[in-house]
Amino acid sequence: MLTCSKVNLSLAVTAKRPDGYHDLDSLFYPFRDPSDVILLKDAPASNGVTIRCDAPGVPLEPEKNLCGKAVYAYCKAAGMDVPGLVIHLEKHIPVAAGMGGGSADGATVLRLLQERFHALSESQLEDAAFSLGADVPFFLNPRPSYVTGAGEHHTPVEGLPEHLLILLAAPQFPVSAAWAYKHMDLQRAISTPPRTNELIDALRRRDFESAAQFMRNDLEHALFDKFPLLLLLRAFLLENGALRVMVSGSGPTLLALFRDDAAAQAAYARATSEFDPAVRFILPA
Ligand code: ATP
């Protein structure tokens, strides 16, 4: 089964919660591509869960990999014994890049188990997803969504363009979400009211110039301070026609919004020849 990925067209942090999570006011936007591929194969129950994956940076221990964690969370919620499973994971989504790859994998395994066992209600499935991570519930039904709370409240947003002209620039180094949240300027974020509704209205009107003004990521200042490559990349993409260049999620992937397809394609070609192989460029679908 194919997973999917996401960017945050806006990620405003509105509070730090006692449980350690942050409350967000965010617009999540999914892509069918890039996506990972996940296959579940039966194995003897005594073997437990095995993860097979070649990608660097992805843990193979089932208690650390979100695919394995999803199996345990599902079985716990359903009161089931853990079945013997081999999970083949083919990674295409950049790892620890702010595109939700691990969360999407976890949600996909929950869906695959639900197709097999039908042992949970939809709300139990949502709870199991949230127990894996704040972004996981979104990936149970990936569609453009207005997300609040730590990620547990997500409302589909209708009327957005089906295909936004976005170019992704994924530098080939990881950033942990914990690092990004630890180094963000929380006071500055909390004192700046979110304008996500205005962003949504502008996107519904296909007014991309206005939308660009309302795009926001409260985590990005720390990343631009720490990684000068991101500043270089942002300047390059803006010089090459992007309306707005912003960090996605907890980074380091940048998303660049374009007005037209030709501009996005031209920037893709130039950026690839300029920054390859330090940065992977993706025109998502
Ligand atoms: P998000 O956007 O949800 O904050 P991310 O895209 O920044 O996440 P992921 O690719 O999900 O980051 O990976 C974060 C960390 O999770 C990795 O460094 C890795 O150690 C661990 N991990 C566990 N399971 C997976 C998985 N299936 N795929 C990728 N990383 C995983």
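Structure's up top.
All residue numbers refer to positions counted from 1 along the written sequence of the respective chain. Under the rules for a predicted model, residues below a pLDDT of 70 receive no local features and side-chain atom pairs below 80 are neither given nor counted, while totals for whole chains, interfaces and linings still include all residues. Computation of side-chain values: all heavy atoms of the structure, hydrogens and water removed.

A. Fine view of unusual backbone geometry. Of note, the bond from Asp33 into Pro34 is cis; its omega dihedral lies within 30 degrees of zero at 10 degrees. Of note, Pro34 is situated in the loop between strand S2 (22-31) and strand S3 (37-42). Cis geometry marks the peptide bond from Gly251 to Pro252; its omega dihedral reads 5 degrees. Helix and strand assignments come from DSSP, with helices taken as H or I runs of at least 4 residues and strands as E runs of at least 2, each series counted from the N terminus. Mapped onto the secondary structure, Pro252 falls in the loop between strand S10 (244-247) and strand S11 (254-257). Despite not being glycine, His118 shows a phi value in the positive range, around 45 degrees. Structurally, the position occupied by His118 is in the loop between helix H2 (101-117) and helix H3 (122-132). Positive phi values are uncommon outside glycine, yet Arg206 reaches one of about 60 degrees. Looking at where Arg206 falls in the secondary structure, it is placed in the loop between helix H7 (196-204) and helix H8 (208-214).

B. Examining the state of the cysteines more closely. The disulfide criterion used throughout: a pair of cysteine sulfur atoms within 2.5 Å. Evaluated as defined, the whole model comprises zero disulfides. Unpaired in this structure, Cys67 has its nearest cysteine sulfur neighbour in Cys53, at a distance of 8.1 Å. A simple rule labels every residue: compare its accessible area, found with a 1.4 Å probe on the protein chains alone, to the largest value its type can have, and call it buried under 20%, exposed over 50%, or partly exposed in between. You can call Cys67 buried: its relative accessible area is 0%.

C. Layout of the packing of aromatic side chains. Ring pairs shown here join Phe, Tyr and Trp side chains whose ring centres sit within 6.5 Å, with only the six-membered ring taken for Trp; geometry is labelled stacked below 30 degrees between planes, edge-to-face above 60, and tilted in between. Evaluated as defined, the whole model comprises nine aromatic pairs. Summarising the aromatic geometry, the rings of Tyr29 and Phe31 are spaced 5.7 Å apart at their centres and angled 70 degrees between planes, so their arrangement reads as edge-to-face. Ring centres of Phe138 and Phe139 lie 4.9 Å apart, and the angle between their planes is 70 degrees; this geometry places the pair in the edge-to-face category. The pair formed by Phe138 and Phe139 is uniform in burial state, with each residue classed as buried. Feature note: the residues Phe28, Phe138 and Phe139 constitute an aromatic cluster, connected by ring pairs. One cation-aromatic arrangement involves Arg234 over Phe224; the distance from NZ or CZ to the ring centre is 4.1 Å. Only when the NZ of Lys or the CZ of Arg is both within 6 Å of the ring centre and within 35 degrees of the ring normal is a charge said to sit over the ring.

D. Structural context of the side chain of Asn65. Its place among the elements puts Asn65 in the loop between strand S4 (49-52) and helix H1 (66-78). The class for Asn65 is buried, based on a relative accessible area of 3%. Reaching out from Asn65, the side chain makes a polar contact with the backbone nitrogen of Cys67 at a distance of 2.8 Å. With residues near it in sequence (within four places) discarded, Asn65 still touches Ile51, Val58, Pro59 and Leu89. Pairs of N or O atoms within 3.5 Å make up the polar contacts considered here, provided that, within protein, one atom can donate a hydrogen while the other can accept it, and that residues adjacent in sequence are counted only when both atoms are side-chain atoms. Any pair of residues with heavy atoms lying within 4.5 Å of one another is described as a contacting pair.

So, to be careful, I would describe these as geometric facts and stop short of saying anything about function.
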